[in-house]
Amino acid sequence: MIGVLVATISLLFSGWQARLLSRQTALQNATAGAGTMQQLFNWLHDVQGRLLDEPRLLPFFQVGDAAPRDLNPQEQAKLRMLAAMYADVLTIGVFLHKTMPQTRSHQEWTAFCVRMLEHCEPIRVEVAAKPIGYPDLWQIMHDRFPEAVLSRETKAQPSAAADPF
């Protein structure tokens, strides 16, 4: 009888500990998700902050602004580098959202990526030129935009866009 009582108390105590551990794990996961989002936005703000130094390039990354077409070689190089940096941050964001569901914003980040790919030609060109470097973005672009958009706006050949390798 005493053994049954001790075993029952032990099971109840173990259950209570398991419940507390579950709560602690959920809290740690939420904290990790929030920290991940904060870091991702820090990276995004860093890239966007670089546009402050190059205001002539800003229209390439904003919807509705007419982008200048008379860039000198130095500005063209900066534009390509900014597009690569944006693509890096977008790719890291997609990866983090896939691997850390605690962020709870995978759909929103994917929608942001779609919008950037839809409206920012330099990013599309970068992703189309390096599908292995940006596999998640390339997949989003390939899935969301018809072949005509890939071949016309990114100047990539449709056959090259169909094969990510």
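Please read these numbers as outputs of a predicted model, since none were measured by experiment.

(A) How the structure looks around the environment of Ala128. Looking at where Ala128 falls in the secondary structure, it is placed in helix 4 (residues 121–129). The buried category is assigned to Ala128, whose relative accessible area is 18%. Sequence spacing of Ala128 and His142 is 14 residues, and the spatial spacing of their C-alpha atoms is 9.2 Å.

(B) Examining the packing of aromatic side chains more closely. Tallying each qualifying case throughout the model produces four aromatic pairs. Ring plane angle 35 degrees and centroid distance 5.7 Å describe the contact between Phe13 and Trp16, whose orientation is recorded as tilted. You can see Phe13 and its partner Trp16 sitting in helix 1 (residues 2–50), three residues apart, about one turn around the helix. Given the relative accessible area of 43%, Trp16 is considered partly exposed.

(C) Structural context of helix 3 (residues 106–119). In a regular helix each residue adds 1.5 Å, so 14 residues correspond to 20 Å; helix 3 covers 20 Å between its end C-alpha atoms and thus fits that length. Of all the positions in helix 3, only Trp109, Thr110, Cys113, Val114, Met116 and Leu117 are classed as buried. An end-on view of helix 3 places all buried positions within 165 degrees of arc, on one side of the element. Exposed residues lying more than 90 degrees from the buried face of helix 3 are Gln107 and Glu108. Buried residues in helix 3 make contact with helix 1, helix 2 (73–99), helix 4 and helix 5 (135–144).

(D) Looking closely at the layout of surface pockets. One number sums up the size of the largest pocket: a volume of about 330 Å³. Forming the boundary of the largest pocket are 13 residues, of which Phe60, Leu79, Arg80, Pro122 and Val125 lie nearest the centre. Its residues assigned to classes, the lining of the largest pocket comprises seven nonpolar, one polar and five charged.

Procedures and definitions
Along each chain, numbering runs from 1 in the same order as the chain's sequence is written. The model is predicted, so local features are restricted to residues of pLDDT at least 70 and side-chain atom pairs to those at 80 or more, both for listing and for counting; the totals for chains, interfaces and linings are taken over all residues. The side-chain numbers reported here are obtained from all heavy atoms of the structure, hydrogens and water having been left aside. The secondary structure listing takes helices from DSSP runs of H or I that are at least 4 residues long and strands from runs of E that are at least 2 residues long, numbered from the N terminus. Residue exposure (1.4 Å probe, protein chains only): buried if accessible area is under 20% of the type maximum, exposed if over 50%, otherwise partly exposed. Stacked, edge-to-face and tilted are the three classes for Phe, Tyr and Trp ring pairs, Trp counted by its six-membered ring, which pair at centre distances within 6.5 Å; planes under 30 degrees apart are stacked, over 60 edge-to-face, the rest tilted. For a helix, the expected span equals 1.5 Å multiplied by the number of residues minus one. An arc is given here, and it is the one of the directions from the helix axis to the C-beta atoms. In this analysis, two residues are considered to be in contact whenever any of their non-hydrogen atoms come within 4.5 Å of each other. Cavities and pockets were defined on a 1 Å grid built from protein atoms only: a cavity is a group of points that admits a 1.4 Å probe but offers it no way out, a pocket is an open group of points flanked by protein on both sides within 12 Å along at least five of seven lines, and a lining residue is one with an atom within 4 Å of any such point. Grid points are joined across faces, edges and corners, and a volume is the space filled by probe spheres set on the points. Under the grouping applied here, Gly and all other residues not named as nonpolar or charged are polar, the nonpolar ones being Ala, Val, Leu, Ile, Met, Phe, Trp, Tyr, Cys and Pro and the charged ones Asp, Glu, Lys and Arg.

So yeah, pure geometry; function would need other evidence.
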